[in-house]
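Coordinate analysis (summary)
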Amino acid sequence: MNKFVLDTKTPDSSPWQTFLYSAMLILLLALPKLAYCDIAIIVNANSPVSALTKDQVKNIFLGRLTRFPNTNMAVSAMEIKQNNAQKEAFYMAIANKTVNKINRYWARYLFTGKMSPPKKLSSNQEIIDSITNTPSGISYIESSDVPTTVKVVLTLPTEQQQ
Amino acid sequence: MLPRIIILMLAVSFSPFARSFDYSLSGFLSLSAGILDEEGYLYADIDDSLSFNNDTILGGQISGQFTDNFSATIQVIARGYSADDSDNYKPAIDWLYLTYDITPELRVRAGRMATPYYLVSEYIEIGAAYPWIRPPFEVYDPSAAPLKSFNGIDAVLRSNWKDWFIISQFIFGQEENSTFLYEINIHRIAGLNLSFSKNDFSIRLAHFVSDVSLSVFLTETFLNLFRTDNPTPVEAKLFDLVDSKHVKHFYSSIGVNWDNDTWFVYSEYNQATSEAGFTPTGEGMYLTVGYRIGKFSPYLTRADFRLLLGSDLKKHILNNSSELPFLGPLFLNPIEDNKRYQRSIALGVRYDITNAMSLKFEALNATSQRGSVGLFTSKDSSITFAPPIRVYSLALDIVF
């Protein structure tokens, strides 16, 4: 006999156990789908920018890039005010940093007035409205929330649960 | 004039007539207590009885955005510490400036701003923004950073070079400052600082030049007792040097910061030199290494400091000792008495209670060297040395 073939039969397998194993298997398969929520980086529909790299997006949101690459257009970054899962997922995906760490980064600039953090808005709808009306706007929302009125320049798969 | 214009603009902006005016309010509070283990000495305002005044600070900042590229900022601070204790908790306008973004990269400001001598000079009041109870005195001592704020202009340029992000800042201005002990008049201050960042690392270079007139009231009164109508050239030079009028001061520094969110390192070296006069020349350095474990961030700081007073004056006296038989020794004594050498080691921990609130504790062991008082002040002015002293401080930092 081929000793590498795994014997799946368990000596005392009851229906209850079979059910339990199957349920666990289903849960395991389903889990990644539950945990992954893609984040879309969005700009104005008429923006000359059609794609951005992860690094460019990171530099924009850290105030280190003031104009869109290969354009003359200034960047107006905006994001949601509260520290929610979407924000955590975004910063983890682009910079591998928690929102706490990002806030620590901005604290020093905030009080010195040397540069300003992304403009804070109170909801995703407000973000969408603002991006729709601001030619130089850039922000991020969950992929599933993206309307046709804005343009997606990068999609980030993330590992944060919603 | 400018302060009034800015206040007026802010007032108008808050009025019901102003529409779509964007403003942000922020504040910070540092409640601090300290004690040291030796009678008769002060470290800033800390002595051997527990005091809450020393580093306690309450501040508020309002920024108003008039248009997309035009804004105004005002920051008011009440400090628990003042040199003569007369102004404790008296609110003072620290910053009051207009900001104009000429391009997305270039920002100019005019008004009253923080003097950016060193790494954390501009946010030295905001304890929440750095790991220590207070930035190490070995670099941040007033002798090496005499101006918290100045009146003038600055230009801030953001640029990219390869993978590096560069912030260049140029400042130009003036400032006056006086306490019951001295009056300092900075006729001009000009400076440039460059900060290069890449990932978790940043390096900062800074150089400032200022034209300073210093009047130490006691010294002046003392000096006037010995002035004669016909001083010899050697005596006249001595008086000039002691007078310290229009002396050029230079402040140079290099600082590095590395923070990978688990480990963090801060290190700075500075040099403050003056061209002539009865003014301090010194250098300082520190190295801080810290580690974040959950909400705790313990750190260790090792620092060194050396300050000499009136090195040109001393040279003049020693070179002309035969012509200054009486005045020479008279001025050599205070020079010798004001040498300051210190080496310290501090162990501290920051505990983040919430995102906006942290509690810090620090134990500092400072050893004054070469028979000096180091960075301590002796309550008895005839005592010019200090034994090794331990300073314990506790602070609660809140931003809101």
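Residues numbered from 1 in each chain as written. Chains lettered and ligands numbered in written order. Predicted model: local features only at pLDDT ≥ 70, side-chain atom pairs only at ≥ 80, totals over all residues.

So, about the overall build of chain A. Regarding its fold elements, chain A presents five helices and five strands. Ordering the α and β elements of chain A from the N terminus gives α-β-α-β-α-α-β-α-β-β. Taking all 162 residues of chain A together, the buried fraction comes to 26%. A separation threshold of at least 6 residues defines the contact pool for chain A, and within that pool the share at least 24 residues apart is 71%. (Helix = DSSP H or I, 4+ residues; strand = E, 2+ residues; numbered from the N terminus. Buried ≥ 20, exposed ≤ 12 C-beta atoms within 10 Å, placed from the backbone. Contact = placed C-beta atoms within 7 Å.)

Each helix and strand in chain B was counted, giving six helices and 18 strands. Its C-alpha radius of gyration of 23 Å places chain B within 12% of the 21 Å reference for a compact globule of 400 residues. Principal-axis analysis of the C-alpha atoms places the extent of chain B at approximately 75 × 45 × 45 Å. Put simply, chain B has 400 residues, and 38% of those count as buried. Put simply, 60% of the contacts in chain B that link residues at least 6 apart link residues at least 24 apart. (Rg over C-alpha atoms; globule rule 2.2 N^0.38 Å.)

The next subject is the sheet that holds strand E5 (residues 150-156) of chain A. All names here are of chain A. Taken in spatial order, the five strands make up an open sheet running E3-E2-E4-E1-E5, and their pairing is mixed. Looking along the sheet, the strands with just one partner apiece sit at the ends: strand E3 (119-121) and E5. Shown here is a sheet whose adjacent strand axes are inclined to one another by a mean of 30°, direction ignored. In this sheet, strand E4 (residues 137-142) lies alongside strand E2 (residues 76-80) in parallel orientation, the contact comprising two bridges. The residue bridging Ala 77 from the neighbouring strand is Ile 138, located in E4. Against the sheet, helix H5 (residues 124-133) engages strand E1 (39-44), E2, E3, E4 and E5, with an angle of about 145° to E4. (Pairing = 2+ DSSP bridges. Axes fitted to C-alpha atoms, helices over the stretch in contact; angles between N-to-C directions.)

Looking now at the confidence of the model for chain B. Summing up the model confidence of chain B, the mean pLDDT is 86 and the portion of residues at 70 or higher is 92%. Here the predicted complex scores 0.82 on pTM and 0.76 on ipTM. (pLDDT = per-residue confidence, 0-100.)

For chain A, the mean per-residue pLDDT works out to 83, and 83% of the residues sit at or above 70. Taken together, the stretch residues 1-10 of chain A has pLDDT below 50 and engages in zero contacts with residues farther than four places along the chain or on a different chain.

Moving on, we come to helix H5 (residues 311-319) of chain B. Residue and element names in this part refer to chain B. Taken as a whole, H5 has its buried residues at Leu 313, His 316 and Ile 317. All buried residues of H5 fall inside an arc of 95° around its axis, so they share one side. Away from its buried face, by an angle of more than 90 degrees, H5 presents the exposed residues Lys 315, Leu 318 and Asn 319. Structurally, H5 contributes buried residues whose contacts are with helix H4 (233-243) and helix H6 (327-337). (Arc of directions from axis to C-beta.)

Residues and elements named next belong to chain B. Relative orientation of the contacting elements H5 and H6 amounts to 145°, with a least axis distance of 10 Å. Two packed elements cross with a definite hand, and for H5 against H6 that hand is left-handed. Facing Leu 313, Lys 314 and Ile 317 of H5, the residues of H6 in contact are Gly 328, Phe 331, Leu 332 and Ile 335. A breakdown of the residues in the contact of H5 with H6 according to their chemical character gives five nonpolar, one polar and one charged. (Left-handed = near helix turned anticlockwise from the far one by under 90°. Nonpolar A, V, L, I, M, F, W, Y, C, P; charged D, E, K, R; others polar.)

Time to look at the interface of chain B and chain A. Each partner contributes residues to the interface: chain B has 18 residues there, and chain A has 16 residues. Breaking the side of chain B that touches chain A down by element, the ones donating at least two residues are strand E6 (106-114), strand E7 (149-161) and strand E8 (164-178) of chain B. Considered class by class, the residues forming the side of chain B that touches chain A number nine nonpolar, four polar and five charged.

For any two helices packed against each other, one specifies the inter-axial angle together with the distance between the axes. Residue and element names in this part refer to chain B. Contact pair H4 / H5: the axes reach a minimum separation of 9 Å and the direction vectors enclose 165°. Of the possible angle classes, the one that applies to H4 and H5 is roughly antiparallel. For the crossing formed where H4 meets H5, the hand is left-handed. Taking contact as the criterion, the partners of Lys 237, Leu 238, Leu 241 and Val 242 in H4 are, on H5, Asp 312, Leu 313 and His 316. (Parallel < 35°, antiparallel > 145°, perpendicular 65-115°, else oblique.)

Below, the discussion takes up the pairing of strand E5 (residues 92-101) of chain B. Residue and element names in this part refer to chain B. Judged from the eight bridges that link them, strand E4 (residues 70-79) and E5 form a sheet pairing that is antiparallel. Along E5, the bridge assignment pairs Ser 71 with Thr 99. With six bridges connecting them, E5 and E6 associate as antiparallel partners. Bridge pairing in E6 places Tyr 100 opposite Val 108. Between E5 and E6, which pair antiparallel one after the other, the connecting turn spans four residues.

Our focus in this paragraph is the environment of Leu98(B). All names here are of chain B. Tracing the backbone through its elements, the reader meets Leu 98 in strand E5. Judged by C-beta crowding, with 18 C-beta atoms within 10 Å, Leu 98 ranks as partly exposed. When the C-alpha positions of Leu 98 and Ser 32 are compared, they lie 32 Å apart, and in sequence the two are 66 residues distant.

By secondary structure assignment, the location of Thr354(B) is in strand E15 (residues 340-354). For the pair formed by Thr354(B) and Lys295(B), sequence separation is 59 residues and the distance between their alpha carbons is 8.8 Å.

Residues and elements named next belong to chain A. Of the positions making up helix H3 (residues 85-95), those classed as buried are Gln 86, Ala 89, Phe 90, Tyr 91, Ala 93 and Ile 94. Check the buried side of H3 and you find it contacts E1, helix H2 (54-61), E2, helix H4 (99-112), E4 and E5. One or two positions beyond H3, positive phi appears at Asn 96, with a value near 55°.

We now examine unusual backbone geometry. Residues and elements named next belong to chain B. Of note, the phi angle at Lys 162 is positive, near 50°, even though the residue is not glycine. Along the chain, Lys 162 falls in the loop between E7 and E8. Even without being a glycine, Asn 199 presents a positive backbone phi close to 50°. Locating Asn 199 in the fold gives a position in the loop between strand E9 (182-198) and strand E10 (201-216).

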